[in-house]
Amino acid sequence: MKVVKFGGSSLASGQSVEQALNIILNDPERQVIVVSAPGKRNNADTKVTDLLIKYAEQVLKHEETDAIVKQIFARYQEIGYFFGLNDEKLQIIQNILLALPNQNYPDNNYLMAAFKAHGERLNARLIALILQHENIKSRFLDPVDAGLIVTGEPNDALVNPESYLNLDQIKIDPNEKIIFPGFFGITPSGNIATFSRGGSDITGAILARGFHANIYENFTDVNGIFAANPNIVMHPISIKKMTYREMRELSYAGFSVFHDEALIPAIQGQIPINVKNTQEPDNPGTMIVPEKNFSPDNTITGVTSQKHFSALYLHKYLLNKEAGFTLRILQILYKHNIPYEHMPSGIDDITIIFNNDFLNDQLIDQICNEIQATINPDQLEWIDDYAIIMVVGEGMKKTPGVSRQILDSLASQGITPRMINQGASQISIMIGTKKEKADKAVKIIYQDFFN
Ligand code: ASP
């Protein structure tokens, strides 16, 4: 049995839903279908999830909501009409939308989560209606009824392991299609909580593990995962096969085709993932597979960059002899609830690299002041134009001279790395550069290794 997930751009209009349904019907093994909310039909369009966020905001501000409800419902209507569903059949979708403000929510965050989740919840309902209209045996399965339990933040939830036991109890008839909404689950107290944005990928992986699928097919709008960002490198190759951990390293550093949190259930269940294009279903796309018995085609699999970092550089003589030096820094960060990304160090200095999403000017001043006062470094410098380049590949482990080749390519473009770090897994090399050099660095490394 296969679990198949369609992203929002693959379900944005009647025509794209038709393509998705053809893919499902082409293979009887494609039995569990996870759907996103309708996405953008063109660049100027708005995703239904974003319309729902606007709806929730208007409700919270006690503003008029008729127009936004109409706009959201029109997206489902357009798809329904394409398949010949009439207003009577679609009424349920409008009723659910209109009833959203009247439900009970523990607080505004839960309200927001519930509104957002309805993008997928209503789409799954609609697609089940369409399949039934076409006389195809299908069933809308709600996360509430399936026991997909989540905990944590209402808008950044985590799956609870109990969900797998619940999913294991569900019987699926060999010739029926299950339509399951992505992106959310239900908390132990019965409220809706969503995963982080793009989280329908996570639902797909949870179901693939829970239903013991032999593959998790993830349909999106590109031919798999490219070895570099096509906005930086012209026509990069599409990766044929890669390992889970290569994907994790690359998605950490900006490969956003597949949600990085979605890898974990797939790894736990050892389910291979196939990222494919809805427009070109015969293209093999990218396979993401376990490390065991994997033999890489190239030395490196992908190269990427992320520019949203800053770094704190500290210099102090004999730092290596001072017990508790890093501990005191970490205590200050912990007090302000600031996570750090990396901490490369030398005998007399240390750099702490941060994700800018967790910082603001006031916090930066505060931690710099406290670190200066507590550990009294000889030099403290805040670097705000920090980028990280990640070069990833299982093939690097067995190939001598990869770091030299990377450094030579960078040197040929006059790029001096600020930091180089090779993880213990030996499948990734991380290089810190100035922001403005990041794209150039990616381009030259790609050219050197792939051309
Ligand atoms: N619809 C949600 C979002 O836009 C989840 C998803 O598409 O995976 O983030």
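Just so it is clear, the model here is predicted, and its values are computed rather than measured.

The number of helices and strands found in the protein chain is 14 helices and 17 strands. Whereas a compact globule of 451 residues would reach a radius of gyration of roughly 22 Å, the protein chain reaches 24 Å, a difference of no more than 12%. Referenced to the eigenvectors of the C-alpha coordinate spread, the extents of the protein chain come out at roughly 75 × 50 × 40 Å. Taking all contacts inside the protein chain whose residues are at least 6 apart in sequence as the whole, residues at least 24 apart take part in 75%. For the protein chain, the exposed area adds up to about 20,500 Å²; of that, 47% sits on carbon and sulfur atoms.

The subject of this paragraph is the site of the ligand. With respect to spatial proximity, the complete set of residues near the ligand consists of Ser-36, Lys-47, Thr-49, Glu-120, Phe-183, Arg-197, Gly-198, Gly-199 and Ser-200. Taking Thr-49, its side chain carries an N or O atom lying 2.8 Å from a nitrogen atom of the ligand. In the environment of the ligand, an oxygen atom lies 3.0 Å from a nitrogen or oxygen atom belonging to the backbone of Ser-200. For the ligand, the protein covers 92% of the area, taking 260 Å² as the surface of the free molecule. The cavity where the ligand resides is the largest pocket. Split into classes, the residues belonging to the shell around the ligand amount to 1 nonpolar, 5 polar and 3 charged.

A few words now on the sheet that holds strand S9 (residues 215-220). In space, the 8 strands of this open sheet follow the order S3-S6-S2-S1-S9-S11-S12-S10, with mixed pairing throughout. Of all strands in the sheet, those with a lone pairing partner are strand S3 (138-140) and strand S10 (241-243), marking the two edges. When the angles between neighbouring strand axes are averaged without regard to direction, this sheet yields 20 degrees. Relative to strand S2 (residues 30-35), strand S1 (residues 2-6) runs parallel, the two sharing 5 bridges. Note on S2: the bridge partner recorded for Lys-2 is Arg-30.

The next subject is the UniProt feature "binding site: ATP" (unreviewed entry) in the protein chain. When the UniProt feature table is mapped onto this chain numbering, "binding site: ATP" (unreviewed entry) sits at Thr-220 and Asp-221. If you take the residues mentioned a moment ago, the ones lining the largest pocket come down to Thr-220 and Asp-221. On the secondary structure map, Thr-220 appears in strand S9. You can call Thr-220 buried: its relative accessible area is 12%. With sequence-adjacent residues up to four places away left out, Thr-220 is seen in contact with Ser-10, Val-257, Val-275, Lys-276, Asn-277 and Thr-278. Note that Asp-221 resides in the loop between S9 and S10. Of the residues examined, Asp-221 reaches a relative accessible area of 46% and is grouped as partly exposed.

This brings us to the nonpolar core. Of all hydrophobic cores here, the largest spans 74 residues; its most connected members are Ile-273, Ile-288, Ile-406 and Ile-445. Formed by 44 residues, the second largest nonpolar core is a distinct cluster that contains Val-69, Ile-79, Leu-126 and Ile-130.

In contact at an axis separation of 8 Å, helix H2 (residues 48-60) and helix H5 (residues 108-133) are set at 145 degrees when each is read in the N-to-C sense. Of the two elements, H2 crosses H5, and the hand of that crossing is right-handed. Here Val-48, Thr-49, Leu-52, Ile-53, Tyr-55, Ala-56, Glu-57, Val-59 and Leu-60 of H2 come into contact with H5, specifically with Asn-108, Leu-111, Met-112, Phe-115, Lys-116, His-118, Gly-119 and Glu-120. A class-by-class count of the residues in the contact of H2 with H5 yields 10 nonpolar, 4 polar and 3 charged.

What follows concerns the packing of aromatic side chains. Scanning all chains against the criterion turns up 7 aromatic pairs. Geometrically, the ring pair formed by Tyr-105 and Phe-115 is tilted, given 6.3 Å between the ring centres and 55 degrees between the ring planes. Pair noted here: Tyr-105 is in the loop between helix H4 (87-99) and H5 and Phe-115 is in helix H5, with a separation of 10 residues, a long-range link. Its end group placed over the ring of Tyr-164, Arg-209 keeps NZ or CZ at 3.7 Å from the ring centre.

As defined by bridge partners, S10 adjoins strand S12 (residues 286-289) across 3 bridges and the pair is classed as parallel. When the bridges of S12 are listed, Met-242 appears paired with Ile-288. As paired elements, strand S11 (residues 273-277) and S12 share 3 bridges and run antiparallel to each other. Its bridge partner lying in S12, Asn-274 is registered against Met-287.

Right, let's talk about the pattern of salt bridges for a bit. Taken as a whole and judged by the stated rule, the model has 18 salt bridges. Put simply, Asp-27 and Lys-2 hold a salt bridge, and the shortest N to O gap is 2.6 Å. Here Lys-2 lies in strand S1 and Asp-27 lies in the loop between helix H1 (14-25) and S2, a separation of 25 residues in the sequence. The same class applies to Asp-27 as to Lys-2, namely buried. A salt bridge links Arg-41 to Asp-45, with the shortest nitrogen-to-oxygen separation between them at 2.7 Å. Residue Arg-41 is classed as partly exposed on the basis of its relative accessible area, which comes to 39%. Residues participating in the shared-partner salt-bridge network are Arg-41, Asp-45, Arg-75 and Glu-78.

Rules and cut-offs
- Residues numbered from 1 in each chain as written.
- Predicted model: local features only at pLDDT ≥ 70, side-chain atom pairs only at ≥ 80, totals over all residues.
- Heavy atoms only, no water.
- Helix = DSSP H or I, 4+ residues; strand = E, 2+ residues; numbered from the N terminus.
- Rg over C-alpha atoms; globule rule 2.2 N^0.38 Å.
- Contact = heavy atoms within 4.5 Å.
- Areas by Shrake-Rupley, 256 points an atom, 1.4 Å probe, with all protein chains shown as cover.
- Near = heavy atom within 4 Å.
- Polar contact = N/O pair within 3.5 Å; in protein donor to acceptor, adjacent residues only side chain to side chain.
- 1 Å grid on protein atoms, 1.4 Å probe; cavity = no way out; pocket = protein on both sides within 12 Å on 5 of 7 lines; lining within 4 Å.
- Sits in = over half its atoms within 2 Å of the grid points.
- Nonpolar A, V, L, I, M, F, W, Y, C, P; charged D, E, K, R; others polar.
- Pairing = 2+ DSSP bridges.
- Axes fitted to C-alpha atoms, helices over the stretch in contact; angles between N-to-C directions.
- UniProt positions renumbered as here; feature names shortened; annotations may be inferred.
- Buried < 20%, exposed > 50% of the residue type's maximum accessible area, 1.4 Å probe, protein only.
- Core = buried A, V, L, I, M, F, W, Y, C linked by side-chain atoms within 4.5 Å.
- Left-handed = near helix turned anticlockwise from the far one by under 90°.
- Phe/Tyr/Trp six-rings, centres within 6.5 Å; stacked < 30°, edge-to-face > 60°.
- Lys NZ or Arg CZ within 6 Å of the ring centre and 35° of its normal.
- Salt bridge = Lys/Arg side-chain N within 4 Å of Asp/Glu carboxyl O.

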